[in-house]
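Below are the chains, spelled out letter by letter.
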Amino acid sequence: MLSRLAVVVLPITAIAMLTLVIIRPPTATFAEVRARWHPSEAQLLDRNGDPVHELRIDRHGRRFAWTPLDEISPALTQAIVTSEDHRFWSHHGVDVIAIMSSAARAILGGRSRGASTITMQLASLLDPSLGRSQSHKTIVRKVRQIVAALALERRWSKREILEAYLNLVTYRGELQGIGAASRVMFGKAPHGIDSAEAVVLAALIRAPNAHRESVATRANALSRALGSYGPSRAAITSSLDSAFSVRGSEYARVALAPHLAERLLNGETGSARCTLDRELQRVVIDTLHRQIVDVRDRRVDDGAVIVVENATGEVWAYVGGAGDLSNAPDFDAVRAPRQPGSTLKPFLYALAVDKHLLTAASLIEDTPLELSEQRGIYRPLDYDREFRGLVSMRTALASSLNVPAVRTTDMVGVEVFADRLRRLGFSGLVEEGDYYGAALALGSADVTLWQLVNAYRTLANSGKYSELRLTNEANTQKPNPVYSPEASSVISDILSDRASRSTTFGLENSLATRYWSAVKTGTSKDMRDNWCVGYTDKFTVGVWVGNSSGAPMRDVTGITGAAPTWLNVMNYLHDRFGSGQIVRPADVALSEVSFPGAVEPPRREWFVAETKPISSVNNLGDANPQILSPATGTIIALDPDIPAVAQRVVFEASKSARNLRWILDGRALAPVRRELLWTPTPGAHTLSIARDSGNALQTIQFIVRGSNNPLADSELVKQ
């Protein structure tokens, strides 16, 4: 028998060695093979390296990114070496013992077992002409395979050979490489493969498309060969269930971030890494879908959510639409300009607090109001069309009252407010402030969810603005102060005040959390857009609900449309990461306040140090006066039938303040009283209330048209 065996083995070995010496077949280097590897999918990877979206590029097999050997489970490498080539680490490319054993079985009429080493199999993967064939030239092909394996071992290390083999071998169906096999069949990265999954993968190599029973038999046999390292039958059965749950073209492609993938992947092979967290992305998608289904009968078909880390500006979740529920699934609602409703009000009041025009306890009139604007007379109304008289700024903001917001916009100046919004990143405000009018705080401009969330994040970050980030590149941008830490803190406290928002929303609603959070809702005109944006100390979450077409919804507000999704996402973040209250700056202090006529109950209120009241009685005196008349943009026409010296214009303030002065066209007139009569002169005028130092607290512009001089009127138009 030995002689017959020698007749078979020795010539093959001799021919192989001679061929190697004489021909020296060319062999690519490991680096060249790895460089030629191109995934069939363009992958968007999350912050942990897990795929959140895949775009198929190559239809010839499914391949993921090349996986280094150090990132492959030791259980898998051990199982494959045991199964395919248990003397891999000791031979030099050809296992002579295995060849002789295989030949002996063939001579004796037994079942022949393959003697190809991992190196020989890799050689066939690198050169398909060396692979299995029905050709009668089997010995010639085997010799060429041995020659190629010997050449590989001369130039490559064992680790390089094993790494390349694991990345090139086919595991099941169209899956090529351990990266695709582990993620598709078991939903995990190669480093997470356990012993049961490892023996299943190893069993598939020999017959990738074998029936489940055959794979189970080989897997259990391999488990016994592994001894104490082998998994149980039950574990193997569970792994087989996962591996055989789908097959061929049915393998599910990861599709969690289509809108972001479209933005970050350039359509070429390879992958891009982003700041998303795959687990959070899944939770946000599921939460949004459930909410859209719940309100679908109210003519709602779409929504969007983003979650941002406050400290870094990194986007942890980006859901641009409701997927199949949307009438336009490719539409990215995160970046779509929409009217923001009342969600801009916090930035208005923060500006008023920064300029010391208002405090959280300042009283503002919620009474009928008419303003003269370019488009005519503007009469703002609250959501319930009721008026509440005097209310504190805290109540006005927390309960989202419209008339006090319009009065505050008129007080600070529309252009001043618009400029502050531009500094917050609202780049869509390209017109002058007068174009939007005093309704700017009620949502007369277009913004995006992306911009809105970052603006709220600015409040959470003590008024410091920086751009949001989608990639892990080094952050070199320097935060830009837009509001003071003190103003940001006061506004954050108001937005977290459950009791103050009860005037409009009641105590029990989707804005009430079991932990500290600051939040604001908004609904645009005709119920076309619902918004809910809020933050804890760690994260800011923004939600938009509406229709991709812009069609109005029916009976849906920010509380019922967007807020439930916001609450569920916030609860998940709190449970997973914890949360706390944002840091309160030292220059913000509590003070006892009471209100005239018991307008609101006495309370302890937060004040910026410079605006802290001297007395707790009649807090109305602690706020700066407002110019009530004339309204900015007013055009006053003198009556030609009345002598000019007998005509007067009333400068009306909300209250008197001896330490402040009326300033008209740069000239001080008198201390501020509730009313001041002024003899008008034709022309364009600027009226301010200012400190003795000259620092203007509020400024408005108006025009007086003369009664007898048409030329003067034409000059006014030019101005």
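Before reading on, note that the structure itself is shown above.
Residues numbered from 1 in each chain as written. Predicted model: local features only at pLDDT ≥ 70, side-chain atom pairs only at ≥ 80, totals over all residues. Heavy atoms only, no water.

### A closer look at the packing of aromatic side chains
Moving on, step 1. For the structure on display, the rule yields 16 aromatic pairs.
Moving on, step 2. Centroid distance tryptophan 678 to phenylalanine 702: 5.9 Å. Interplanar angle 85 degrees. Geometry classified as edge-to-face. Highlighted residues: tryptophan 678 in strand β25 (residues 675-678) and phenylalanine 702 in strand β27 (residues 696-705), separated in sequence by 24 residues.
Moving on, step 3. Through a chain of ring-to-ring contacts, the aromatic side chains of Phe30, Trp37, Trp66 and Trp156 assemble into a single cluster.
Moving on, step 4. Cation over ring: arginine 47 sits above tryptophan 316, and NZ or CZ is 3.9 Å from the ring centre.
Moving on, step 5. Geometry around tryptophan 450 places arginine 335 over its ring, the cationic atom sitting 3.7 Å from the centre. (Phe/Tyr/Trp six-rings, centres within 6.5 Å; stacked < 30°, edge-to-face > 60°. Helix = DSSP H or I, 4+ residues; strand = E, 2+ residues; numbered from the N terminus. Lys NZ or Arg CZ within 6 Å of the ring centre and 35° of its normal.)

### Considering the sheet that holds strand β4 (residues 170-172)
Moving on, step 1. Taking strand neighbours across the sheet as the criterion, the three strands line up as β3-β5-β4 in an open arrangement whose pairing is mixed. Among the strands making up the open sheet, the edge pair consists of β3 (62-63) and β4.
Moving on, step 2. Bridging between β3 and strand β5 (residues 175-176) involves two bridges; their strand directions are parallel. Across the sheet, residue arginine 63 finds its bridge partner in β5, namely glutamine 176. (Pairing = 2+ DSSP bridges.)

### So, the pairing of β25
Moving on, step 1. Only one face of β25 is buried, namely the one carrying Leu676 and Trp678, since none of Glu675 and Leu677 on the opposite face is buried.
Moving on, step 2. Bridge count for strand β22 (residues 649-653) against β25 is four bridges, and the pairing is antiparallel. Note on β25: the bridge partner recorded for valine 650 is leucine 677. (Buried < 20%, exposed > 50% of the residue type's maximum accessible area, 1.4 Å probe, protein only.)

### What to know about helix α13 (residues 278-294)
Moving on, step 1. Between the first and last C-alpha of α13 there are 25 Å, a value that for 17 residues agrees with the 24 Å anticipated at 1.5 Å per step.
Moving on, step 2. Those residues of α13 not exposed but buried are Arg278, Leu280, Gln281, Val284, Ile285, Thr287, Leu288, Gln291 and Ile292.
Moving on, step 3. Tucked inside the fold, the buried residues of α13 contact β2 (51-56), β7 (302-309), β8 (315-319), β17 (539-546) and α22 (563-577). (Expected span 1.5 Å × (residues − 1). Contact = heavy atoms within 4.5 Å.)

### Details of unusual backbone geometry
Moving on, step 1. The backbone of arginine 299 shows a phi angle near 65 degrees, a positive value even though the residue is not glycine.
Moving on, step 2. Inspection of the secondary structure puts arginine 299 in the loop between α13 and β7.
Moving on, step 3. Residue classification places arginine 299 among the partly exposed residues on the basis of a relative accessible area of 49%.

### Digging into the side chain of serine 40
Moving on, step 1. Within the element layout of this structure, serine 40 appears in the loop between α2 (30-36) and β1 (41-45).
Moving on, step 2. Residue classification places serine 40 among the buried positions, given a relative accessible area of 0%.
Moving on, step 3. Engagement of the side chain of serine 40 in a polar contact is seen with the side chain of glutamate 41, the distance being 3.1 Å.
Moving on, step 4. Looking at serine 40, its side chain comes within polar contact range of the main-chain oxygen of glycine 61, at 3.4 Å.
Moving on, step 5. Excluding residues within four positions of it along the chain, serine 40 makes contact with Leu55, Arg56, Ile57, Asp58, Gly61, Arg62 and Arg63. (Polar contact = N/O pair within 3.5 Å; in protein donor to acceptor, adjacent residues only side chain to side chain.)

### Digging into the packing of α13 against α22
Moving on, step 1. Two elements in contact, α13 and α22, have axes separated by 9 Å at closest approach and are oriented at 155 degrees. One element, α13, and the other, α22, form an angle in the roughly antiparallel class. Once α13 is placed against α22, the crossing between them reads as right-handed. In contact with Glu279, Leu280, Val283, Val284, Thr287, Leu288 and Gln291 of α13, α22 contributes Pro564, Thr565, Asn568, Val569, Tyr572, Leu573 and Arg576.
Moving on, step 2. In terms of residue class, the contact of α13 with α22 is made up of eight nonpolar, four polar and two charged. (Axes fitted to C-alpha atoms, helices over the stretch in contact; angles between N-to-C directions. Parallel < 35°, antiparallel > 145°, perpendicular 65-115°, else oblique. Left-handed = near helix turned anticlockwise from the far one by under 90°. Nonpolar A, V, L, I, M, F, W, Y, C, P; charged D, E, K, R; others polar.)

### Points about the pattern of salt bridges
Moving on, step 1. Per the stated rule, a full pass over the model turns up 30 salt bridges.
Moving on, step 2. Here arginine 394 makes a salt bridge to glutamate 605, at a shortest N to O gap of 2.6 Å. One end of the pair, arginine 394, is in helix α15 (residues 393-398); the other, glutamate 605, is in strand β19 (residues 603-608), with 211 residues separating them in the sequence.
Moving on, step 3. Overall, arginine 394 belongs to the buried group, its relative accessible area being 4%.
Moving on, step 4. Taking relative accessible area as the criterion, glutamate 605 reaches 0% and is therefore assigned buried.
Moving on, step 5. Beyond isolated ion pairs, a larger network of salt bridges with shared partners links Arg394, Asp493, Asp497, Arg584, Glu600, Arg603 and Glu605. (Salt bridge = Lys/Arg side-chain N within 4 Å of Asp/Glu carboxyl O.)

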